[in-house]
Amino acid sequence: MGASTPRHHSSSLALPRLIKRILTVSLYALVPLALLHYLLRPTPVAVTSSISTLPLNGENKQQGEQTSASGAPARKQQGLEASPAPLAPRCDYSEGEWVRNAAGPRYNGTSCGATIKDGQNCMAHGRPDTGYLHWRWQPRGCALPPFEPAEFLEQVRGRHVAFVGDSLARNQCESLVCLLSSEFPAELVLDGGEERKFRRWAFRSHDATVSVYWSPFLVNGTEKSSAPGGLDHNRLYFDQPDERWAAEVPGIDVVVLSIGQ
């Protein structure tokens, strides 16, 4: 019989080949992983603190609590200022009641008769009592300071204030003009005729203008009429503003709207 090759000699030759193959595969796997790690690693961000570390137990107090030339601590200079006091709640002037006012109004039907519509001038028509003049509006929970014509005109200096709407807008505008003219002369520069639907006043002392525009619907429309052949209903076009006031919007700075009264 011929001699056979021992088995342990074949196994010793296969083992180095296996290790070499494992190392080769590992190298092929590690290279892509190293490349991905290099490309995907996050960029370090430098973080600086605006607050200096204070010394413990009061040591080195001169360094830990530096002061500025004005004597303010350095921490306050670095943005750690005290929070501002909370703002007081805004006053709701629409909630309140009418209370008696011994001082009386700034104007009445006699002092402002040229501005107030004749049909609404109670004094001119002989109303004997004047108690209705001694009322003022008192909001709940806050005080309403008295109206100051000089302060108002200073706020609207060089501007045009317009009231647009129905009779409520007209009454508000006339009341404002009467209040302002109690201290400053008002010049009527545009008169809307007997019905006074379009009027304008100029306060030359402050280069201010106050106007009223009659527009009960604010939009383009035709009011109903009891005249023969007239409409028995209001016809409105909601996509078209009333040009009687909308055409002058570029020259108006403040608009007060009212409707439906």
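Preceding this section is the structure that the text describes.
Residues numbered from 1 in each chain as written. Predicted model: local features only at pLDDT ≥ 70, side-chain atom pairs only at ≥ 80, totals over all residues. Heavy atoms only, no water.

Asker: I'd like a rundown of the state of the cysteines, residues and numbers included.
Answerer: A full pass over the atoms with the stated rule returns two disulfides. Bridging cysteine 91 to cysteine 142, the disulfide has an S-S length of 1.6 Å. Placement of cysteine 91 in the loop between helix H3 (74–77) and strand S1 (96–100) and of cysteine 142 in the loop between strand S2 (135–139) and helix H4 (149–155) is noted, with a sequence separation of 51 residues between them. There is a disulfide in this structure between cysteine 112 and cysteine 178, and the S-S distance comes to 2.0 Å. Looking along the S-S bond of the cysteine 112-cysteine 178 disulfide, the torsion reads about -90°, which is the left-handed sense. Highlighted residues: cysteine 112 in the loop between S1 and S2 and cysteine 178 in helix H5 (residues 167–181), separated in sequence by 66 residues. Cysteine 178 carries the same exposure label as cysteine 112, and that label is buried. Bonded cysteines in the chain are paired 1-3, 2-4 when counted in the order they occur along the chain. We note that cysteine 173 lacks a disulfide partner, and the nearest cysteine sulfur, in cysteine 178, lies 9.5 Å from it. Given a relative accessible area of 0%, cysteine 173 falls into the buried group. (Disulfide = S-S within 2.5 Å. Helix = DSSP H or I, 4+ residues; strand = E, 2+ residues; numbered from the N terminus. Buried < 20%, exposed > 50% of the residue type's maximum accessible area, 1.4 Å probe, protein only.)

Remember, this is a structural readout, not a statement about activity or role.
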